[in-house]
Amino acid sequence: METLCARVGDAAVMAVVKSDGYGHGAVTCAREALAAGASWLGTTTAEEALELRAAGLTARILCWLWVPGGPWREAIEADIDVSLGGMWALQEVTEAARAAGRPARVHLKAETGLSRNGVRPGEAWAEFVAAALRAQAEGLVRIVGLYSHFACADVPGHPSIAAQLTLFREMTAYAEEQGVRPEVRHLANSAAALTLPETHLDMVRIGIAMFGVSAGPGLGAPEEYGLRPVMSFRASLALVNQVPEGQGVSYGHYYVTAGETTLGLLPVGYADGVPRAASGSELVLVDGKRCTIAGRVAMDMCVVDLGGDTPPVGSEVVLFGPGDHGESTAADWAAACATIPYEIVTRIGARIPRVYLNPSA
Ligand SMILES: *Cc1c(COP(=O)(O)O)cnc(C)c1O
């Protein structure tokens, strides 16, 4: 995080700890990020934001995904900033603010090209800004932020990047002409924070990069930015069995031993975040040696071909880590499974204990 803060200079840093801190543990990661220079926290849901507050974190927190009937009042009372991505949300938040007897701090979300959530440019934006200003005049909201989100910041040079930045500038300029005085205008995610200084504006919202994981193959390895993967996924070898040639392994017998060999049992499966699509890939380090996942990954366990070796039961198994000692990285798993490292780290199951090395507090 220090590295990232230094990289973005004067822009404030929001540490995005949605989805349990990308699988790393939201509360601990939030604390570490704040200790290392971030000044805001970001979550997807209000429930995630409320959990951070309940854990005693006092930093500004923005949450951005709402459905009708959400806990607006609880958010307002917990001093959480909320994102408004449409008229219905403005309506609900003003009702909640009236009930709470205090204004909500809101960030207006401009839809600039991701085509996901937010208010579209043109008439919709004009009406939305006008309605938000009316609510502000009534003392029900304080418009503290204007923001948007990139579609392709991880693809350097993609034409949508400049188009979104230009549109965002136009939409914020319009809102400011109408009288909005935002504390923060923010647009950049990790990829943009790392590679597009012109998008930093008042604040950057950093998720994946804070965990030392690449935001996209087009950006180069995390080391190129001085970043290191935070998460290692380890297990203990649960059993070793000698098997003959021609032995089918795991459900469906999709793996058949090519000769006499040894099989190792790992006590982790797809429910723990070992992708089923990794079956057959040489991704697991057992006792310092790379092994192939033999046959199908099951819900709670999987088998590796130890190639005749007989490491002791209890030997360390490294599924992924920073890559220093021959182990795979989350990016290697992602490549083998046709997905992105985000999905690999966020899917580690609740059954796997998170152990923090060198926590600052
Ligand atoms: C997830 C998210 C981010 C962080 O994205 P990274 O690519 O992980 O840095 C920023 N802003 C919003 C709105 C998000 O949903």
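Residues numbered from 1 in each chain as written. Predicted model: local features only at pLDDT ≥ 70, side-chain atom pairs only at ≥ 80, totals over all residues. Heavy atoms only, no water.

Undergrad: Any chance you could break down the overall build of the chain for me, citing the residues and the numbers?
TA: In terms of helices and strands, the chain carries 11 helices and 17 strands. C-alpha atoms of the chain, sized along the principal axes, occupy 80 × 40 × 40 Å. Across the 361 residues of the chain, 52% fall into the buried class. In the chain, the proportion of contacts linking residues at least 24 apart, taken out of those at least 6 apart, comes to 63%. With an accessible surface of roughly 15,800 Å², the chain has 52% of that area assigned to carbon and sulfur atoms. Side-chain charges in the chain split into 27 positive and 39 negative, and the spacing between the mean points of these groups amounts to 5 Å. (Helix = DSSP H or I, 4+ residues; strand = E, 2+ residues; numbered from the N terminus. Buried < 20%, exposed > 50% of the residue type's maximum accessible area, 1.4 Å probe, protein only. Contact = heavy atoms within 4.5 Å. Areas by Shrake-Rupley, 256 points an atom, 1.4 Å probe, with all protein chains shown as cover. Lys, Arg positive; Asp, Glu negative; His and termini not counted. Charge placed at Lys NZ, Arg CZ, Asp CG, Glu CD.)

Undergrad: Explain the sheet that holds strand 8 (residues 203-206) to me, using residue names and the numbers behind them.
TA: Pairing within the closed barrel is parallel, and its eight strands lie in the order 1-2-3-4-5-6-7-8. Pairs of neighbouring strands in the sheet enclose a mean axial angle of 30°, with direction left out of account. Seen against the sheet, helix 7 (residues 123-137) touches strand 4 (81-84), strand 5 (104-109) and strand 6 (141-147) and runs at an angle of roughly 145° to strand 6. (Pairing = 2+ DSSP bridges. Axes fitted to C-alpha atoms, helices over the stretch in contact; angles between N-to-C directions.)

Undergrad: Account for the site of the ligand, naming residues and giving values.
TA: In the region of the ligand, the neighbouring residues are Lys-18, Tyr-22, Trp-64, Arg-116, His-149, Asn-189, Ser-190, Arg-205, Ile-206, Gly-207, Ile-208 and Tyr-342. Contacts to the ligand include Lys-18, whose side-chain N or O atom sits 2.8 Å from an oxygen atom. Tyr-22 has a polar side-chain atom sitting 2.5 Å from an oxygen atom of the ligand. The protein chains hide 94% of the 380 Å² of surface that the ligand would expose on its own. Broken down by secondary-structure element, the contributors of at least two residues to the shell around the ligand are helix 2 (18-22) and strand 8. Partitioned by chemical class, the residues of the shell around the ligand number five nonpolar, four polar and three charged. (Near = heavy atom within 4 Å. Polar contact = N/O pair within 3.5 Å; in protein donor to acceptor, adjacent residues only side chain to side chain. Nonpolar A, V, L, I, M, F, W, Y, C, P; charged D, E, K, R; others polar.)

Undergrad: A description of the sheet that holds strand 13 (residues 261-266) should follow, citing residues and the corresponding values.
TA: Strand order across the open sheet formed by seven strands is 9-17-14-15-16-13-10, with antiparallel pairing between neighbours. Lying at the two open borders of the sheet, with one neighbouring strand each, are strand 9 (233-236) and strand 10 (239-243). Across this sheet, the average inter-strand angle for adjacent strands is 35°, counted without regard to direction. Where strand 14 (residues 282-286) and strand 15 (residues 289-293) come together, four bridges link them in antiparallel fashion. By the bridge assignment, Leu-285 is partnered in strand 15 with Arg-290.

Undergrad: Just give me the short version of the pattern of salt bridges, but keep the residues and values in it.
TA: Under the criterion given, the structure shown has 15 salt bridges. Across the pair Asp-79 and Arg-105 runs a salt bridge, and its minimum N-O distance is 3.5 Å. One end of the pair, Asp-79, is in the loop between helix 5 (72-77) and strand 4; the other, Arg-105, is in strand 5, and 26 residues separate them in sequence. For Arg-185, the salt bridge goes to Asp-202, with nearest N and O atoms at 2.9 Å. Taken together, the positions of Arg-185 in strand 7 (residues 184-188) and Asp-202 in the loop between helix 9 (190-195) and strand 8 put the pair 17 residues apart, joining distant regions of the chain. Since its relative accessible area comes to 24%, Asp-202 is described here as partly exposed. Overlapping salt bridges, with partners in common, bring together Arg-60, Asp-79, Asp-81, Arg-102, Arg-105 and Glu-183 in one network. (Salt bridge = Lys/Arg side-chain N within 4 Å of Asp/Glu carboxyl O.)

Undergrad: Describe in detail the UniProt feature "domain: Alanine racemase C-terminal" (unreviewed entry) in the chain, supporting the description with residues and values.
TA: When the UniProt feature table is mapped to this numbering, "domain: Alanine racemase C-terminal" (unreviewed entry) covers residues 230-357. Each end of residues 230-357 is marked by a C-alpha atom, and these two atoms are 10 Å apart; helix forms 10% of the span and strand 30%. (UniProt positions renumbered as here; feature names shortened; annotations may be inferred.)

Undergrad: With reference to specific residues and values, describe helix 4 (residues 46-54).
TA: For helix 4, the full list of buried residues reads Ala-46, Ala-49, Leu-52 and Arg-53. Angular distribution of buried residues about the axis of helix 4 spans 120°; they occupy a single face of the element. Trailing helix 4 by a residue or two, Gly-56 shows a phi angle of about 95°, which is positive. (Arc of directions from axis to C-beta.)

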